[in-house]
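One-letter residues, chain by chain:
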Amino acid sequence: MTELISNFLAGQWQHGSGAGTALIDPVLGTELVRIDATGLDLAAGFAFARNQGGAALRALSYRERAAMLGAAVKVLQANRDAYYEIATTNSGTVKNDSAVDIDGAIFTLGTYAKLGDALGDRHFMLDGEAARLGKDPLFQSQHVLVPTRGVALFINAFNFPAWGLWEKAAPALLSGVPVIVKPATTTAWLTQRMVKDVVDAGIFPPGALSVICGSSAGLMDALQPFDVVSFTGSAETAAVIRSHPAVAQRFVRVNIEADSVNSALLLPDAAPGSEAFDLLVKEVAREMTVKSGQKCTAIRRIFVPEASYDAAAQAISARLAKTTVGNPRNESVRMGALVNRAQLASVREGLDHLKQQAQTLHDGATHTLVDADPAVACCVGPTLLGARDADAADRVHDTEVFGPVATLLPYRDTAHALALVRRGQGSLVASLYGSDPASLGATALELADSHGRVHVISPDVGQLHTGHGNVMPQSLHGGPGRAGGGEELGGLRALGFYHRRSAVQASTTVLSTLS
Ligand code: NAP
């Protein structure tokens, strides 16, 4: 039997009392490790984090906590090779895709270490200026932001076991709030290993960082009013979280990052052969294949002017045809596996569903797997679909197929394009491609209300931009509507979720002691 890896709760490494769930190599089908959280005393573990971890973190200044994030960066960097090894075996990702998760995590943590250092030796933040409350200026109101005295519970998705942990933990720990992370079962190993390395290095005070690998049972029940929960995953599970008594009755603050049917939009001025057209083609092919399309921010719908539909279909298909798919250990492979058999089945099912309203422009099934047995490996080639009647293709606007799948859709004019993009009901990101700054700016503003991020690619930034799907810590991540309504990152904005705002009404003499 493979190793049963431990949970870290109440300041102790603890095994679950059950036999555990096996984590599987999605390419070779072999068992890697097992995880289990049966029988853990969650109430005691949450209380330990809340009381001991929280008090110890709050006793430190932002600068001191930022220094701890910086120390954690060093530990993670020193163990990078081990993380890549785990990602290859457990997530089936090629090196470049593992980097998005692992190096993305380290970069994000490092960014918060720098941002936190600039906050200095304070223990709370002022929110805006003091405002007088009457004619006499002596009595005023000053808003303050103080860390919440609870735990931050993270329930994470399978596709970013490294980044998903640290993009949330960095602002929480910097705020002075202890973290309990429950990674998705399928890829929990990498999260557990990173927590283990940081815990073993003794960087954070006891109770500041805990990891629970296994079933989610009982986690939400353990939450109390000043705790917060941040969930990333499917819309179905998000609905369970939102309706749980902890949220619905105890009013635990909740952040939801759910699924999203993101768009790429070629502006009317960008004809085939233009730089903007080529940039769209390149970005779409990249987004469809990075992490085998298992990215919440991946492009799912591609909107082009009617006259450019055939040229776009051809150009994107030609790029996809060159993608080598299979065993990530083979140097020639550009795209590895989906995470497990269930995900493979779900992608196939999703494709069948979309094909009722779309035709196949490039068929992923034509890709021969490199160094991988199709009967075992969870690998699938990239598929481009197309629907000439974009209005009628409601499945394309409604369905997120979490794999290397996107659909090309033609539009008549800008108003039509915007209406079609909005049929995603709120997304994490839309990217725009064109060369006229005024129309790009205007279109970005048109889409800003329904997108957490609008990524504008014009020829002048063709080589510089950070990528449609890459989440940068400086920018907001999250989206309104069906994307979950959450907000993460965005630089120091992320700290807001972990702080409570209060208005202190007092004489200016009292208020002067706060600044
Ligand atoms: P999922 O099945 O909803 O699982 C997400 C997490 O919720 C896992 O840790 C899971 O644990 C846990 N969970 C399941 N049932 C639960 C319950 N009743 N109570 C509490 N927790 C529960 O999602 P997934 O398949 O891992 O992730 C894929 C989805 O995530 C996609 O739809 C993708 O778009 C979305 N996603 C969104 C973002 C974003 O930032 N917006 C980022 C990444 C992914 P187990 O694994 O143990 O079941």
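The shown structure was predicted, so the numbers you read here are calculated from the model rather than taken from an experiment. (Residues numbered from 1 in each chain as written. Predicted model: local features only at pLDDT ≥ 70, side-chain atom pairs only at ≥ 80, totals over all residues. Heavy atoms only, no water.)

Engineer: In this structure, what is going on with the pairing of strand S5 (residues 31–35)? I would like to understand it.
Structural biologist: In summary, the side chains of a regular strand alternate between the two faces of the sheet. Summarising burial for S5: four of the five residues are buried, a large majority. With antiparallel pairing between neighbouring strands as the criterion, strand S4 (residues 21–24) and S5 make up a hairpin whose turn holds six residues, including Gly29 at a positive phi of roughly 80°. (Buried < 20%, exposed > 50% of the residue type's maximum accessible area, 1.4 Å probe, protein only. Helix = DSSP H or I, 4+ residues; strand = E, 2+ residues; numbered from the N terminus. Pairing = 2+ DSSP bridges.)

Engineer: Just to check I follow, could you spell out helix H1 (residues 42–58) for this structure?
Structural biologist: Helix length check: H1 (17 residues) gives 22 Å between terminal C-alpha atoms against 24 Å at 1.5 Å per residue, within 8%. Turning to H1, its buried residues number three or more, namely Leu42, Gly45, Phe46, Ala49, Arg50, Gly53, Gly54, Leu57 and Arg58. Two to three positions downstream of the cap, the backbone nitrogen of Ala43 sits 3.4 Å from a side-chain oxygen, assigning the N-cap of H1 to Asp41. (Expected span 1.5 Å × (residues − 1). Polar contact = N/O pair within 3.5 Å; in protein donor to acceptor, adjacent residues only side chain to side chain.)

Engineer: Even after reading the chapter, I still don't get the layout of surface pockets, so can you show me in this structure?
Structural biologist: If you roll a probe as big as a water molecule over the atoms, it shows you where there is empty space left. The computed volume of the largest pocket comes to approximately 1000 Å³. Lining the largest pocket are 45 residues, and of these Val94, Lys95, Asn96, Asp97 and Val100 sit closest to its centre. Elements with a contribution of two residues or more to the lining of the largest pocket: helix H3 (80–91), helix H4 (95–117), helix H9 (275–289) and helix H10 (309–321). With 10 residues, the top contributor of residues to the lining of the largest pocket is H4. The residue makeup of the lining of the largest pocket, split by class, is 16 nonpolar, 16 polar and 13 charged. (1 Å grid on protein atoms, 1.4 Å probe; cavity = no way out; pocket = protein on both sides within 12 Å on 5 of 7 lines; lining within 4 Å. Points joined across faces, edges and corners; volume = space filled by probe spheres on them. Nonpolar A, V, L, I, M, F, W, Y, C, P; charged D, E, K, R; others polar.)

Engineer: Whenever I open this one, the site of the ligand confuses me. Can you help?
Structural biologist: Around the ligand, the surrounding shell holds 26 residues, and the nearest of these are Asn156, Thr185, Ser234, Thr237 and Glu400. Contact distances for the ligand include 3.3 Å between an oxygen atom and a backbone N or O atom of Gly233. Between Ala258 and the ligand, the recorded distance is 3.0 Å, taken from a backbone N or O atom to a nitrogen atom. Alone, the ligand offers 910 Å² of accessible surface; in the complex the protein occludes 80% of this. Elements with a minimum of two residues in the shell around the ligand: strand S11 (228–232) and helix H7 (235–243). No other element matches H7, which puts three residues into the shell around the ligand. Class assignment of the residues belonging to the shell around the ligand gives a composition of 12 nonpolar, 10 polar and four charged. Looking at which domains feed residues into the shell around the ligand, each of domain 1 (42–258 + 488–512) and domain 2 (262–472) gives three or more. (Near = heavy atom within 4 Å. Areas by Shrake-Rupley, 256 points an atom, 1.4 Å probe, with all protein chains shown as cover. Domains from an automatic or database assignment.)

Engineer: Would you explain the sheet that holds S4 in this entry?
Structural biologist: Strand pairing in a sheet relies on backbone hydrogen bonds, with the paired strands running either antiparallel or parallel. The mixed open sheet is built from three strands, whose spatial order is S1-S5-S4. The open sheet has two edge strands with one neighbour each: strand S1 (4–5) and S4. Note that S4 and S5 share four bridges and pair antiparallel. Pairing of Ile24 across the sheet is with Glu31, part of S5. Across the sheet, helix H6 (residues 188–200) lies against S1, S4 and S5, angled at about 65° from S5, the strand it touches most. (Contact = heavy atoms within 4.5 Å. Axes fitted to C-alpha atoms, helices over the stretch in contact; angles between N-to-C directions.)

Engineer: Please clarify how the nonpolar core should be interpreted in this entry.
Structural biologist: The nonpolar side chains of a soluble globular protein tend to be buried, and buried together. Leu69, Ile102, Trp166, Met194, Val198 and Phe204 are the most contacted members of the largest nonpolar core, which totals 63 residues. Beyond its immediate chain neighbours, meaning those up to four positions away, Trp166 contacts Leu76, Ala105, Leu109, Pro171, Met194, Val198 and Leu209. (Core = buried A, V, L, I, M, F, W, Y, C linked by side-chain atoms within 4.5 Å.)

Engineer: So what exactly am I meant to see when it comes to empty space enclosed by the protein here?
Structural biologist: In the structure shown here, the tally under the stated rule is five cavities of 30 Å³ or more. Its volume calculated, the largest cavity comes out at about 90 Å³. What lines the largest cavity is a set of 13 residues, and nearest its centre among them are Phe160, Trp163, Gly164, Glu167 and Thr232. The biggest single contributor to the lining of the largest cavity is helix H5 (residues 163–175), with four residues. Looking at side-chain class alone, the lining of the largest cavity contains four nonpolar, five polar and four charged residues. Forming the walls of the second largest cavity are Glu167, Lys168, Pro171, Ser230, Asn255, Glu487, Glu488, Leu489, Ala494, Phe497 and Tyr498. Secondary-structure elements contributing two or more residues to the lining of the second largest cavity are H5 and strand S21 (488–489). The greatest single-element share of the lining of the second largest cavity, amounting to three residues, is contributed by H5.

Engineer: Which parts of the structure should I look at to understand the side chain of Asn159?
Structural biologist: Within the secondary structure, Asn159 sits in the loop between strand S8 (152–155) and H5. Here Gln294 takes part through its backbone oxygen, which lies 3.1 Å from a polar atom of the side chain of Asn159. When neighbours within four sequence positions are excluded, Asn159 is seen to be in contact with Lys291, Gln294, Lys295, Cys296 and Phe402.

Engineer: Any chance you could explain the sheet that holds strand S6 (residues 125–132) here in plain terms?
Structural biologist: One open sheet accounts for three strands, arranged S6-S7-S22; its pairing is antiparallel. Each having just a single partner strand, S6 and strand S22 (499–507) make up the two edges of the open sheet. Mean inter-strand twist for the sheet, computed between neighbouring axes without regard to direction, equals 20°. Bridge analysis of S6 against strand S7 (residues 139–147) gives five bridges, and the strand direction is antiparallel. Residue Met125 lies in a different strand from S7, and its bridge partner there is Leu145.

Engineer: Sorry, what's going on with the pattern of salt bridges here?
Structural biologist: Any two side chains of opposite charge can pair, given that their charged atoms come close. Per the stated rule, a full pass over the model turns up 16 salt bridges. Put simply, Arg50 and Asp227 hold a salt bridge, and the shortest N to O gap is 2.7 Å. Note that Arg50 is positioned in helix H1 and Asp227 in the loop between strand S10 (209–211) and S11, a separation of 177 residues in sequence. Across the pair, exposure class does not vary: Arg50 and Asp227 are buried alike. Through salt bridges with shared partners, a single network forms among Arg63, Asp117 and Asp121. (Salt bridge = Lys/Arg side-chain N within 4 Å of Asp/Glu carboxyl O.)

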